[in-house]
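# Notes for the structure review
One letter stands for each residue in the lines below.
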Amino acid sequence: MKTLDKIPTNKIERAGQLLKTGIKVGGNYIAYYGEKMVNPELSKDKLNENNAGDIYDGLQNLKGSALKVAQMLSMDKSIMPQAYVDKFSLSQFSVPPLSAPLVRKTFKKYLGKFPEELYDSFTPDAINAASIGQVHMATKDGKKLAVKIQYPGVADSISSDLALVKPFATRMFNLKGKDSEKYFIEVENKLLEETDYVLELQQSIDMAKACGHIPNLRFPNYYHEWSSEKILTMDWMEGQHLSEFASQNKDVSKANQVGQALWDFYMYQMHHLRQVHADPHPGNFLIDDDANLMPIDFGCIKKVPNEFYIPYFELANPKVINNPILFEEKLYELEILRMDDSPEEIAYFTGIFHRLLSLFTKPFHGDYFDFSDDDFFGAIATMGEEFTKDTQLRKMNGNRGSKHFLYINRTFFGLYNLMHDLKAAVQTQNYLRYI
């Protein structure tokens, strides 16, 4: 596999890489419209495939927050064309790794020794490589270990990457005024936290301790002595990534066991710990031979303050959703409706969010939910398509919702997609047994 000896870290280098990618995408469009003139029936499938490939190739060399954006986008299967989902999902655990000399240099800088001086054995080639770091296998005193190494310059490039993305995001989501800055600050802060492996080490230990009593969950042990701000060492966990398990598994009982553990794990965090693993993509979970769920990455933990938690989950109650006065009150509390909204904006966004929440909160309306229900996910996809084509929505002020929506909604979209991949049916209130 191709390896990287250098990652662009300064703003000019990274902007240049994105510019090259933009030129390639522009060429793809020219070729597409040229063919379209000859063949009016030509679909956009090939265009999407070419664009997805070129964008991914550019981002994988940048790594860091640029590649993390692709990873986040790959979780939104209801809106993005399948070609993008397929290509961007590779960023979850399969991108070009750092070269062996760069790995050794990182160890020397952050732990004061080369890997062969710390472990009994160490694989110079990465086993997995993702957006922020890559994983190597090691052994020590008979223990098999996973060693995560962060790419150089990732933390330093976050601010400049977001500065490059900001103009596009502002236009795409129709963000207006100074209030939009809160969303970019929230993303920047969470990405910076993900580059702090000392914080991740502590979050991992704390989460394993807090959730270790939930059935069918297994957690690795973590090792302070072989960890630093850019290196993290934990037990090696044998298993399949969740997506691999889901694609191969034919045993409904195993799917339900994994799904119930996943659901209980998330609901326990959300409702009891009031903080949650906010990066639910398949590369962060392994499944062992006994269908136990093994979370292996706690870099992104989102705390859920009461002022957001209470109205957010009150909107999951049909009695609130279907009471116009209470519903509007909660929309104001969550900053979906604004005091400077026009009557037209109030009516429009109240209608949109009533439709959206009536559908999206269905798993919370009873004691049981079957995530293999294609009608449910089809309805979400259809609604997503409607919103992307809604010309009226593009004219409205896009500064909608508390900053906390960014990662909490991401968490639930990701969780729902994982549950659908598993085709799991779960008891939705089961987590209460463990509080």
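Calculation criteria
- Residues numbered from 1 in each chain as written.
- Predicted model: local features only at pLDDT ≥ 70, side-chain atom pairs only at ≥ 80, totals over all residues.
- Heavy atoms only, no water.
- Helix = DSSP H or I, 4+ residues; strand = E, 2+ residues; numbered from the N terminus.
- Contact = heavy atoms within 4.5 Å.
- Areas by Shrake-Rupley, 256 points an atom, 1.4 Å probe, with all protein chains shown as cover.
- Buried < 20%, exposed > 50% of the residue type's maximum accessible area, 1.4 Å probe, protein only.
- Lys, Arg positive; Asp, Glu negative; His and termini not counted.
- Salt bridge = Lys/Arg side-chain N within 4 Å of Asp/Glu carboxyl O.
- Pairing = 2+ DSSP bridges.
- Phe/Tyr/Trp six-rings, centres within 6.5 Å; stacked < 30°, edge-to-face > 60°.
- Lys NZ or Arg CZ within 6 Å of the ring centre and 35° of its normal.
- Expected span 1.5 Å × (residues − 1).
- Core = buried A, V, L, I, M, F, W, Y, C linked by side-chain atoms within 4.5 Å.

## With respect to the overall build of the protein chain
When you go through the protein chain residue by residue, the secondary structure sums to 18 helices and 12 strands. By sequence separation, contacts in the protein chain at least 24 residues apart represent 71% of the contacts at least 6 residues apart. Accessible surface, the protein chain: about 20300 Å² in total, of which carbon and sulfur atoms supply 56%.

## Side note on the environment of Phe 298
As for its position among the elements, Phe 298 is in the loop between strand 9 (293–295) and strand 10 (301–303). Measuring from C-alpha to C-alpha, the distance between Phe 298 and Leu 201 comes to 7.9 Å, with 97 residues separating the pair along the chain. In contact with Phe 298, other than residues within four places in its own chain, are Glu 200, Gln 203, Ser 204, Met 207, Phe 219, Tyr 222, Phe 265 and His 277.

## Focus on the side chain of Asp 264
Mapped onto the secondary structure, Asp 264 falls in helix 11 (residues 252–273). Despite its burial, Asp 264 pairs with no opposite charge; the closest candidate is Arg 433, at 6.5 Å N-O. Not counting chain neighbours up to four residues away, the residues in contact with Asp 264 comprise Ile 214, Gln 427, Asn 430, Tyr 431 and Tyr 434.

## Here's the deal with the sheet that holds strand 9
Reading across from one edge, 6-8-9 is the order of the 3 strands in this open sheet, with antiparallel pairing throughout. Only two strands of the sheet have a single neighbouring strand rather than two, namely strand 6 (240–241) and strand 9. Judged from the 3 bridges that link them, strand 8 (residues 285–287) and strand 9 form a sheet pairing that is antiparallel. Bridge assignment links Leu 286 to a residue of strand 9, and that residue is Met 294.

## Some details on the packing of aromatic side chains
Following the criterion strictly, the structure yields 30 aromatic pairs and no others. Between the aromatic rings of Tyr 312 and Phe 313, the centroid separation amounts to 5.1 Å while the plane-to-plane angle is 75°, which identifies the pairing as edge-to-face. Judged by relative accessible area, Phe 313 falls into the buried class, the value being 14%. The ring centre of Tyr 197 lies 5.1 Å from the NZ or CZ of Lys 148, which sits over that ring. When the ring centre of Phe 349 is taken as reference, the NZ or CZ atom of Arg 400 above it lies at 4.0 Å.

## Here we look at helix 18 (residues 405–422)
For helix 18, built from 18 residues, the straight-helix expectation of 26 Å at 1.5 Å per residue is met to within 8% by its first-to-last C-alpha distance of 25 Å. Burial runs high along helix 18: 14 of the 18 residues are buried. Looking one or two places after helix 18, you find Lys 423, whose phi comes out positive at around 60°.

## Considerations on unusual backbone geometry
Although it is not a glycine, Asn 216 adopts a positive phi angle of roughly 65°. Here Asn 216 lies in the loop between helix 9 (197–211) and strand 5 (231–235). Judged by its relative accessible area of 30%, Asn 216 falls in the partly exposed class. Not every positive phi belongs to a glycine, and Ala 291 is a case in point at roughly 60°.

## Thoughts on the nonpolar core
Among the nonpolar cores identified, the biggest contains 89 residues, and Phe 107, Tyr 119, Leu 262, Phe 265, Leu 293 and Phe 412 are the most heavily contacted of them. No other element matches helix 11, which puts 9 residues into this core. Residues in contact with Tyr 119, not counting those within four places in the same chain, are Phe 107, Ala 138, Thr 139, Lys 140, Leu 145, Val 147, Trp 226 and Thr 233. Among the nonpolar cores identified, the runner-up in size contains 7 residues, and Leu 162, Val 187, Cys 300 and Tyr 407 belong to it.

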